[in-house]
Amino acid sequence: MVDVLNTFIAMILSVVALTPIFLLVILLNRSKIPQGTDPSIIKKLEDMDKTIANDTNNALDQVSAKLEDFEARIADLEDQRTSVKGFKNK
């Protein structure tokens, strides 16, 4: 039982000790990446973002129009339905 407890505590301590070291290494590696970005690339990305947003808005407008048409058709069908025919009233 003592061996199991010692192993468990050792695992917890190793995780607590190693996690900050791994995170520090990751942060140091990321800090070496050059941060300068060409403004023309940013402009292209913004243009692509606007294009995607406009296309998405157009598609959502089309879907909305089709849903409104579908709702109108369903309302018309509900108005036309009065009763089921073929049954005799007692």
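Residues numbered from 1 in each chain as written. Predicted model: local features only at pLDDT ≥ 70, side-chain atom pairs only at ≥ 80, totals over all residues. Heavy atoms only, no water.

### With respect to the overall build of the protein chain
- A count of helices and strands for the protein chain gives two helices and zero strands.
- For the protein chain, the exposed area adds up to about 9000 Å²; of that, 65% sits on carbon and sulfur atoms. (Helix = DSSP H or I, 4+ residues; strand = E, 2+ residues; numbered from the N terminus. Areas by Shrake-Rupley, 256 points an atom, 1.4 Å probe, with all protein chains shown as cover.)

### Description of the pattern of salt bridges
- Under the counting rule described, the total for this entry stands at two salt bridges.
- Ionic pairing is found between Lys43 and Asp47, a salt bridge with its closest N-O pair at 3.5 Å. With Lys43 and Asp47 both in helix H2 (residues 39–80) and four residues apart, this pair spans about one turn of that helix.
- Residue classification places Lys43 among the partly exposed residues on the basis of a relative accessible area of 44%.
- Owing to a relative accessible area of 32%, Asp47 belongs among the partly exposed residues under this scheme.
- In this structure, the salt-bridge partner of Arg73 is Asp69, at a minimum N-O distance of 3.3 Å. Here Arg73 pairs with Asp69, and both are found in helix H2, just four residues apart, close to one helical turn.
- On the basis of relative accessible area, Arg73 is assigned to the exposed category, the value being 54%. (Salt bridge = Lys/Arg side-chain N within 4 Å of Asp/Glu carboxyl O. Buried < 20%, exposed > 50% of the residue type's maximum accessible area, 1.4 Å probe, protein only.)

### What to know about a nonpolar patch on the surface
- Where nonpolar side chains cluster on the molecular surface, the patch consists of Leu5, Phe8, Ile9, Ile12, Leu13 and Val16 and spans about 580 Å² of accessible area.
- Mapped onto the secondary structure, Ile12 falls in helix H1 (residues 2–31). (Patch = residues over 30% accessible without salt bridge, like charges linked within 9 Å, V, L, I, M, F, W, Y side chains within 5 Å.)

That's the geometry; what it means functionally is another story.
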